[in-house]
Amino acid sequence: MTESAADPLTTKLPAGFDVLAEDLALANEVSEALTQVEADLLGSLTSADELVNASARYLAQAGGKRVRPLLTVLTSMIGEGVDDRVRRAAAVMEMTHLATLYHDDVMDSAPVRRGAPAAHQVWGNSVAILTGDLILARASRLMSELGVEASKIQAQTFERLVMGQLHETVGPQEGEDAYAHYLRVIGDKTGSLVAAASRLGAHFGGCSEETIAMLEEYGEAVGVAFQLADDVIDLTADPESSGKTPGTDLREGVSTLPVLMLRQHAQSAESEQDQQEAARVLALIDGDLSSDAALAEAVVAVVAHPVTEESWQVAHSWADKAKAAITELPQSTVKSALLAFADAVVEREG
């Protein structure tokens with residue numbers, strides 16, 4: 001992304017949305033909407049109780065890309081554009097996302113979130129969980145003021161988020177395909193909220209049911225593409241530029257896409273040599289990765305194996321699905337931005 005002090009828009013938006021800057025009026029409208037959404041977000045998390053105020057605003061103030069509220073704003077512009085309902089829905093989408101982070105970090109024992117100690121490291125597990133619950137409660141209350149349809153979307157999305165986390169926690173059931181299980185989990189945990197953000201923007205923007213369905217499908221697919229790319233980036237990211245230790249998922253025993261594909265290769269590769277090579281890499285992954293040297297060896301082995309490139313191809317295929325979903329939308333700067341974002345989520349390095 002090209003950053004310019006004279007253009008605040010390009011310094012705020014995630015990669016892929018640079019095209020918005022080509023339309024000054026649109027860029028200003030998006031920037032103004034996001035500024036208001038941010039104010040609404042922090043205002044909705046504010047409390048007179050000192051502990052609640054500090055914990056509830058903690059992750060919001062730590063930053064974040066604000067992809068979900070941005071998509072709510074943009075998809076509304078496919079129709080009649082931004083109004084108070086769109087801004088409220090955008091804030092609620094980010095609140096819902098933030099709440100899941102509080103819960104996820106407790107379940108994963110994550111030490112850091114957005115460059116700062118995770119909330120449970122500051123206040124303990126119970127406060128972090130209850131803070132997530134509180135944020136979800138406030139998000140639901142705000143959404144209820146937008147009508148029955150909005151509340152229904154919020155409830156359905158929250159159900160999928162919980163089911164995704166539950167299925168990830170218990171793992172595939174006996175006889176269930178691990179790859180299909182994994183795609184279902186990330187669709188629920190990541191795709192569902194991006195889909196809801198896109199749907200709500202289109203809904204309150206007055207779009208037709210056909211257009212709403214297109215944008216919801218786009219959001220689901222781009223969310224899945226984003227998570228699939230994250231799987232690969234966990235292995236390939238430059239630790240100096242990303243601040244991340246490659247192979248964190250491997251060390252935690254998370255079966256992400258490259259690992260699942262390795263297990264497939266070990267069982268059904270076309271040649272015995274390919275099966276043996278996959279088994280060799282799996283032995284490194286399934287071994288003791290507590291030392292940095294062992295983890296580094298496992299990461300190098302996975303990255304060198306064809307499954308890493310195959311995983312990138314799968315991520316790109318979901319980005320292509322996202323773009324295909326909105327093919328029939330009339331050409332506009334917003335559509336161009338959505339198409340570019342789908343590419344950007346699978347072309348990033350961190």
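All values reported here derive from a predicted model rather than from experimental measurement.

1. Points about helix H17 (residues 333-344)
The α-helix advances 3.6 residues per turn, and as a result positions three or four apart in sequence lie on the same side. Given a rise of 1.5 Å per residue, 12 residues ought to cover 16 Å, and the 16 Å separating the end C-alpha atoms of H17 matches this to within 8%. Along H17, the residues that are buried comprise Val334, Lys335, Ala337, Leu338, Phe341, Ala342 and Ala344. In this structure, the buried side of H17 is in contact with helix H2 (24-44), helix H4 (67-76), helix H10 (209-236) and helix H16 (306-325).

2. Digging into the packing of H2 against helix H5 (residues 84-108)
In contact at an axis separation of 9 Å, H2 and H5 are set at 55° when each is read in the N-to-C sense. Judged by the inter-axis angle, H2 sits oblique to H5. Classified by chirality, the crossing of H5 by H2 is right-handed. Together, Ala33, Gln36, Val37, Asp40, Leu41 and Ser44 of H2 and Arg87, Ala90, Ala91, Glu94, Met95 and Leu98 of H5 make up the contact between the two elements. Looking at side-chain class alone, the contact of H2 with H5 contains seven nonpolar, two polar and three charged residues.

3. Brief notes about the pattern of salt bridges
Pairing between side chains of opposite charge can happen when their charged atoms approach one another. On inspection of all chains with the given rule, the structure shows 18 salt bridges. Between Arg348 and Asp230 there is a salt bridge, with the nearest N and O atoms lying 2.9 Å from each other. In this pair, Arg348 is assigned in the segment after H17 and Asp230 in helix H10, connecting sequence segments 118 residues apart. Using a relative accessible area of 22% as the deciding quantity, one classes Asp230 as partly exposed. Between Asp286 and Arg263 there is a salt bridge, with its nearest N and O atoms 2.9 Å apart. Pair noted here: Asp286 is in the loop between helix H14 (272-285) and helix H15 (292-304) and Arg263 is in helix H13 (residues 257-268), with a separation of 23 residues, a long-range link.

4. Observations concerning the packing of H4 against H17
With their axes 11 Å apart at the nearest point, H4 and H17 run at an angle of 150° to one another. One way to sum up the angle between H4 and H17 is to call them roughly antiparallel. For the crossing formed where H4 meets H17, the hand is left-handed. Facing Val67, Leu71 and Leu74 of H4, the residues of H17 in contact are Val334, Leu338 and Phe341. The class makeup of the residues in the contact of H4 with H17 is six nonpolar, no polar and no charged.

5. Quick notes on H4
Among the 10 residues that make up H4, 10 are buried, leaving the element largely enclosed by the rest of the structure. Considered for burial, the residues of H4 that qualify are Val67, Arg68, Pro69, Leu70, Leu71, Thr72, Val73, Leu74, Thr75 and Ser76. Its buried side turned inward, H4 meets H2, H5, helix H9 (178-204), H10 and H17.

6. Digging into the environment of Arg114
By the secondary structure assignment, Arg114 is in the loop between strand E1 (112-113) and strand E2 (116-117). Residue classification places Arg114 among the partly exposed residues on the basis of a relative accessible area of 26%. It is 9.9 Å that separates the C-alpha atoms of Arg114 and Gln61, two residues lying 53 residues apart in sequence. Arg114 has contacts with Leu59, Ala62, Gly63, Gly64, Arg66, Glu94, His97, Leu98 and Leu101, leaving out every residue within four places of it along the chain.

The rules behind these values
Residues numbered from 1 in each chain as written. Predicted model: local features only at pLDDT ≥ 70, side-chain atom pairs only at ≥ 80, totals over all residues. Heavy atoms only, no water. Helix = DSSP H or I, 4+ residues; strand = E, 2+ residues; numbered from the N terminus. Expected span 1.5 Å × (residues − 1). Buried < 20%, exposed > 50% of the residue type's maximum accessible area, 1.4 Å probe, protein only. Contact = heavy atoms within 4.5 Å. Axes fitted to C-alpha atoms, helices over the stretch in contact; angles between N-to-C directions. Parallel < 35°, antiparallel > 145°, perpendicular 65-115°, else oblique. Left-handed = near helix turned anticlockwise from the far one by under 90°. Nonpolar A, V, L, I, M, F, W, Y, C, P; charged D, E, K, R; others polar. Salt bridge = Lys/Arg side-chain N within 4 Å of Asp/Glu carboxyl O.

Geometric values such as these leave the question of function open.
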